[in-house]
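Residue-level structure breakdown
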Amino acid sequence: MTESNALHRLVRKMPAQVAGAGVLTMALAAGFAGGRVTAAAPEQVAATPAPAARAISPAIQATPGSYSAIVDRVSPAVVTVNVQMKASAERTSVPDLPDFFGQQFGQQFGQQFRLEPRTRPSGLGSGVIIRSDGYILTNNHVVDEADRIRVELNDGRSFVATVVGTDVASDLAVIKVQARDLPTLPYGDSDQVKVGDVVLAVGNPLGIGQTVTMGIVSAKGRTTPGSVGDGSYEDFLQTDAPINRGNSGGALVDLQGQLVGINAQILSPSGGNIGLGFAIPSTMVRAVADQLIEGGAVHRSKLGVNIQQLTPELAESLGLADMHGALVSGVEPGGPADRAGIKVQDVIVAFNGHPVVDSNALRNRVASFKPGTSAEVKVLRDGKTQTLSARVVEREPAKLASRGKGVDEGEGGSGFGMTLSPVTPQIARQLELPATSSGVVVTGVEPDSLAANAGIRPGDVIKRVNGKEVVSIDSVRSALTAQAGGKPALVMVSRQGADLFVALPTRG
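Now for a look at the structure at hand. (Residues numbered from 1 in each chain as written. Predicted model: local features only at pLDDT ≥ 70, side-chain atom pairs only at ≥ 80, totals over all residues. Heavy atoms only, no water.)

What about unusual backbone geometry?
Worth spelling out the cut-off: Here's how the labels work: a residue is buried when its accessible area is under 20% of the maximum for its type, exposed when over 50%, partly exposed in between, all with a 1.4 Å probe on protein chains only.
Not every positive phi belongs to a glycine, and D181 is a case in point at roughly 55°. One non-glycine residue with positive phi stands out, namely D382, at about 55°. What makes D382 exposed here is its relative accessible area of 76%.

What follows is the structure in structure tokens.
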């Protein structure tokens, strides 16, 4: 993302304090980008009942015009998380070596290097005590690549912490301190939270000390820019309660003093609060935390489909009355959906009795299901509703999709503002496609054309038009020009290894 897009960039994982480094501009609260936490081996915790927690009472009566009673109960369970990252040696050239050495001894001395110790960077975030025996929730990006972790309680006590487990996909982590009878924060039900509800954000912004801010829930079910397709699971509560760097991992609580979210991200052009904050909802937090405590890892389910968001154009092309549901653009051969009878171009409108609002909601709902269990799936197919049964399986760890590589200029125009070429073995190699791939590849798209406005990109491989397989430029052109009634044509393309539908208008 370029600097010109700064007003729309996501600011996440920003450390409040960084030693020996410049200000990071792509982060929120604490932690650093990198691999898996190496602070300590995850602690093995037996599946025994948790100790009785000295939980904050949910029955808090706020004084009119004041939230002090809520803050008094909540603040002891919100902590500061200080991290030190692993130091590494930096290779630097030896300065001021006389040219004589380079002349007399070649490169043996002319390019000598030495190792200089690099300053150990540090970061700061927040956390929430969820069990009285020392289990604390925070963000994965707060403790990611941490070498040392120290937790500071609101009463001044300080403890060394170890990592129990992390989950990159949800940006959550559980750490543990050796302590007993700690104050805890009870979970609320984020599913019952409504837009407009008053919430409080508690954390340690910019390292100035524990701070409480107030706002409302601005929206639910949010995803953030750049998250689509990156393997993450997002279902954020959006809030205008001011949160800043250092708040990551802190609490978002309702007026009953219950945890309804873990503050995780902000959207900002500068790194400071502008009223666009995002918290991981407590329903997702609890499910992830329980698995991390029990086994140090999170297990998610999959249905074995590629799905995409419905747009007004896709809905029109499919003859749908609204945009609720998730459009199936691909079915994994032999997977749960395939065995259940789900087909490409089906629209999934309900999963296990829960209406599917959009594709992200379906993905999160399926992921939270226990692997190996069966669920009822309701689909729309050719204007009719069908109910199927699918047995979900465990999802493999997400892998980053490889970016499609460009191709040479093609040989034929389509009349829709895109240049097409048959998929040859050479193009298949460039796009990292199977050698036996067929279809038609888009080699160029004219700005402001029908194809560009529909979202077609260079490198897309057109596989089907209105349900019919296309194998040549002529077959694409014929299928598009044969579209009747002025409806957009339903075009299936393969992009970076995934199939998706595009609604291509047949007239401007």
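Notes on the sheet that holds strand β9 (residues 158–167)
We count it as follows: Each pair of strands is called paired provided DSSP finds at least two bridges between the two strands. Helix numbering and strand numbering both begin at the N terminus, where a helix is a DSSP run of H or I of at least 4 residues and a strand a DSSP run of E of at least 2. Throughout, an axis means a line fitted to C-alpha atoms (over the contacting stretch in the case of helices), and angles, computed between N-to-C directions, take values from 0 to 180 degrees. Should any heavy atoms of two residues lie within 4.5 Å, those residues are counted as being in contact.
Spatially, six strands are ordered β3-β6-β7-β10-β9-β8 in a closed barrel, and the strand pairing comes out antiparallel. Sheet twist, expressed as the mean angle between neighbouring strand axes with direction ignored, is 40°. The pairing of strand β7 (residues 135–138) with strand β10 (residues 172–177) spans four bridges and is antiparallel. Within β10, the position partnered with T138 by the bridge is A173. Each of β6 (122–131), β7, β9 and β10 is contacted by helix α5 (residues 282–295), which is oriented at about 50° to β10, the strand it contacts most.

Quick notes on the nonpolar core
Note the cut-off: Side-chain atoms within 4.5 Å are what join buried Ala, Val, Leu, Ile, Met, Phe, Trp, Tyr and Cys residues into a set we call a nonpolar core.
Counting residues in each nonpolar core, the largest one holds 34 residues, and the members touching the most others are I130, L137, V174 and L185. Among all residues touching L137, those that are not within four sequence positions of it are S126, G127, V128, I130, A173, V174, Y187, G249, I262, V285 and A289. Listed in part, the 20 residues of the second largest apolar core include V83, I129, A146 and V163.

Remarks on the environment of E446
Of note, E446 is situated in the loop between β28 (440–445) and α10 (450–454). Spatially, the C-alpha atom of E446 lies 8.8 Å from that of F416, the residues being 30 residues apart in sequence.

Section: the pattern of salt bridges
Worth spelling out the cut-off: A pairing counts as a salt bridge when a side-chain nitrogen of Lys or Arg comes within 4 Å of a carboxyl oxygen of Asp or Glu.
A complete count under the given rule lists seven salt bridges for this structure. Among the ionic pairs, E332 bridges to K302, the shortest N-O distance being 3.0 Å. Taken together, the positions of E332 in the loop between β20 (326–331) and α7 (336–340) and K302 in strand β18 (residues 301–302) put the pair 30 residues apart, joining distant regions of the chain. Assessed through its relative accessible area of 32%, E332 is described here as partly exposed.

Concerning the packing of aromatic side chains
Heads up, the rule is: A pair of Phe, Tyr and Trp rings is counted when the ring centres sit within 6.5 Å of each other, with Trp represented by its six-membered ring. The angle between the planes then sorts it: under 30 degrees is stacked, over 60 is edge-to-face, the rest tilted. In this analysis the charged atom, NZ for Lys or CZ for Arg, is taken to sit over a ring once it is within 6 Å of the ring centre and within 35 degrees of the ring normal.
All chains considered together, the criterion is met by two aromatic pairs. Seen from their ring centres, F236 and F278 are 5.8 Å apart, and the 50° between their planes marks the pair as tilted. Highlighted residues: F236 in strand β14 (residues 236–239) and F278 in strand β17 (residues 277–281), separated in sequence by 42 residues. We classify F236 as buried; its relative accessible area is 4%. Summarising the aromatic geometry, the rings of F351 and F369 are spaced 5.3 Å apart at their centres and angled 75° between planes, so their arrangement reads as edge-to-face. With F351 in strand β21 (residues 347–351) and F369 in the loop between α8 (359–367) and β23 (374–381), this pair connects stretches of sequence that are 18 residues apart. The cationic tip of R300 hangs over the ring face of Y233; the distance from NZ or CZ to the ring centre is 4.6 Å. Here the basic side chain of R363 rests over the ring of Y233, its NZ or CZ set 3.9 Å away from the ring centre.

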